[in-house]
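Structural overview for review
Take a look at the letters that make up each chain.
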Amino acid sequence: MFSKILIANRGEIAVRIIKTCRKMGIKTVLVYSDADAGSLACEMADETIHIGPSPAAQSYLIQDKIVDAVRQSGAEAVHPGFGFLSENPVFARRLEAEGITFIGPNPHAIEAMGDKITSKKFAAEAGVSTVPGHMGLIATTEAAVKIANEIGYPVMIKASAGGGGKGIRVAHSDADMAEGFAAVKAEALTAFGDDRVFLEKFIVNPRHIEIQVLGDKHGNIVSLFDRECSIQRRNQKVIEEAPSPLLDDATRKAMGDQAVALARAVNYDSAGTVEFVAGQDRSFYFLEMNTRLQVEHPVTELITGVDLVEQMIRSAAGETMGFKQEDLSINGWAIESRIYAEDPYRGFLPSIGRLVRYEQPEEGDQGDYTVRNDSGVREGDEISMFYDPMIAKLCAWGETRDAAVEGMARALEDTHLSGVGHNVPFLSAVMDQARFKSGQLSTSYIKDEFPDGFRGLEPSEAQKDIFITVAAAMNEVLAEQAGDPSERTDWTVLIDREAHAVSLSYDEAEDLVISLDERDLTLSEIDWRPGMAQFRAVLDDEPFTAEVKRAPDGFDIRHRAAKARVRVLTPRAAEMYQRLPEKVAADTSKLVLSPMPGLVVDIPVTVGQEVKSGETVAIIEAMKMQNILKAERDGVVKAVGAKAGDPVAADDVLVEFA
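Here the structure is a predicted model, which means the values were calculated and not measured.

Conventions used here
- Residues numbered from 1 in each chain as written.
- Predicted model: local features only at pLDDT ≥ 70, side-chain atom pairs only at ≥ 80, totals over all residues.
- Heavy atoms only, no water.
- Buried < 20%, exposed > 50% of the residue type's maximum accessible area, 1.4 Å probe, protein only.
- Helix = DSSP H or I, 4+ residues; strand = E, 2+ residues; numbered from the N terminus.
- Pairing = 2+ DSSP bridges.
- Right-handed = clockwise from strand over helix to strand, strands pointing away.
- Axes fitted to C-alpha atoms, helices over the stretch in contact; angles between N-to-C directions.
- Parallel < 35°, antiparallel > 145°, perpendicular 65-115°, else oblique.
- Left-handed = near helix turned anticlockwise from the far one by under 90°.
- Contact = heavy atoms within 4.5 Å.
- Nonpolar A, V, L, I, M, F, W, Y, C, P; charged D, E, K, R; others polar.
- Phe/Tyr/Trp six-rings, centres within 6.5 Å; stacked < 30°, edge-to-face > 60°.
- Polar contact = N/O pair within 3.5 Å; in protein donor to acceptor, adjacent residues only side chain to side chain.

This part takes up helix 10 (residues 297-304). Across the 8 residues of helix 10, 7 count as buried, placing the element largely inside the fold. Listing the buried residues of helix 10 in full gives His297, Pro298, Val299, Thr300, Glu301, Ile303 and Thr304. In the segment just after helix 10, Gly305 is the residue with positive phi, at about 80°.

The structure is reproduced here in structure tokens:
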């Protein structure tokens, strides 16, 4: 076994690998860029080596720097994590030539599965079900249109070297194909340096299901069952679970057998994932194989008890797999939510900045569910614009899917973040939706359920009870702290402008009793004091956590995806308050505002310039993405509020029209 491993990655996956290495008694060396100096992973690693500037192209992607770090540290092997160099066969061969062990599959397998056209040919030869399509190279738009008609619309146009949701279009007609084929070729050439494109039948209302495989260097290969990753946004996974709620035992076995057959066809060793697109009728077709550890591997670990990182290390060291297919079984259900620094209320725009607060749920057994939280950041850390904005992968395990869903909802309640925008309310909304609870998923789920974007959910009656009791309890604590002598027990609670008359008292156990609408609600085990961002308590035997913040005239309270301004007032004050006119939102129709914090790339307009609707007026860069802002109507530029190179915050005025 290795005595020292170098980790050629960063963030939460670096932390994840370090934890397993510690368990195995293996020393770790971590390479890091400027942006990652002082990170949690750096703090945890036994040794650290600086490899360059923040952009990945100048640090984590430079093979020479990784090899030099291995030589400098005396490490015997390299774990690439995921992303960066993890699926680069040239890097794997380079390490092999240097006498350094690559903790991943052999270069032949990476190469064979890394090209989508080649991988589909291997799949077909191995008897794996493949999507009807054309795997050969397509030279012209005319040929693409002809082939699409033979396959039958709708047809998916995909870049052979694609990944990460790039280089994909769906064509529903000859016109779509003519336009999309040229666009995908151009995107592929820009993003991957390879403009080869193939076509395949687009499965309507599809589901994304993948099989985890694991092999060693002695020909042993097993399936660790399935994961469903259908909850996606812009082809990026958001919520994953294991096993899939779609599959029955026969389909699960068939998919597992085909995944193992494909892995065997390329002499696969280490951890890998065979991805399938599935119809609602449980028909399934090979999509691609990822020759690395997947981001969502924790859910498989939670239902099988197998540490995939440990198995990758043991496989790379030449050990024989310690179990067989018949030794593996599915235990319970697990769900993973990817917590991102992005603002769901602003179209999921990326958010950068410092994590002013980061309160994480308690890990381990919570009674009806178990929590695991894979995170690479701490309170006070910076979310950098140079890398993926993932904050954590929050996982919940339960004996049943219902228990796992409710466990995830509770774990999300116990997560508090401030300083950056984050998608926790959105993830909570999905957990509370009847459709998600029923398991009726598809890759269009988010688009179907939130066609106009995310605005949160209206509070349920149970959530209104939480808002009322929490506000009443906080008001009591603050009054006591302020030495209020009135000892008033009758109040009116306004949820936004909806009035509720309440009366407060205490029972024999000194729990707060709130009389509301001829009902008595009991609030017990209160865990809150002024300044705390989370209010934990038990309401009528149901534990909950709400996010709270004092406002000038009340409290801002969020429970899962519902939020409201809640005020506790005397009946007379509440009556007067309801007579106040509604605040009119400011008119921003003549302003172009920055939708996120970022860097101004260009403001291609000047004062006095006439601008037509649709013309570009500003370009903002954040999280490695350029966001182009266009004029929404004709106008004349009155003022320009920033210039190229300026940092801007969300809602900063970039351009004003007369």
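Right, picking up where we left off after that structure.
Here the focus is the pairing of strand 2 (residues 27-33). For strand 2, the buried fraction is high: 6 of the 7 residues fall into the buried class. Pairing of strand 1 (residues 4-7) with strand 2, which is carried by 4 bridges, proceeds in the parallel orientation. Among the inter-strand pairings, Ile7 is bridged to a residue of strand 2, identified as Leu30. Note on the crossover from strand 1 through helix 1 (residues 11-24) to strand 2: the handedness is right-handed. Bridging between strand 2 and strand 3 (residues 47-52) involves 5 bridges; their strand directions are parallel. By the bridge assignment for strand 3, Val29 is matched with Glu47.

As a further point, take the packing of helix 12 (residues 401-413) against helix 13 (residues 424-432). Close contact between helix 12 and helix 13 brings their axes to 9 Å; oriented N to C, the two are set at 155°. With respect to helix 13, the axis of helix 12 lies roughly antiparallel. The chirality of how helix 12 crosses helix 13 is left-handed. Here Val405, Met408, Ala409 and Leu412 of helix 12 lie close against helix 13, whose contacting residues are Val424, Leu427, Ser428 and Met431. Considered class by class, the residues forming the contact of helix 12 with helix 13 number 7 nonpolar, 1 polar and no charged.

Time to look at the sheet that holds strand 40 (residues 653-657). The strand order across the open sheet built from 4 strands is 33-40-38-35, with neighbouring strands paired in antiparallel fashion. One side of each edge strand has no neighbouring strand; the edge strands of this open sheet are strand 33 (591-593) and strand 35 (610-611). Sheet topology places strand 35 next to strand 38 (residues 635-640); 2 bridges connect them, and they run antiparallel. Bridge pairing in strand 38 links Glu610 to Val636.

This part is about the packing of aromatic side chains. In this structure the tally under the stated criterion is 13 aromatic pairs. Considering the side-chain rings of Tyr60 and Tyr387, the 5.9 Å spacing of their centres and the 75° angle between planes classify their relative orientation as edge-to-face. One end of the pair, Tyr60, is in the loop between strand 3 and helix 3 (63-73); the other, Tyr387, is in the loop between strand 22 (382-383) and strand 23 (390-398), with 327 residues separating them in the sequence. Residue Tyr60 shares its accessibility class with Tyr387, and that shared class is buried.

Here we come to the environment of Asp64. Position of Asp64 relative to the elements: it lies in helix 3. Taking the C-alpha atoms as reference points, Asp64 and Phe91, 27 residues apart in sequence, are found 9.7 Å from one another. Here Arg94 takes part through its side chain, which lies 2.9 Å from a polar atom of the side chain of Asp64.

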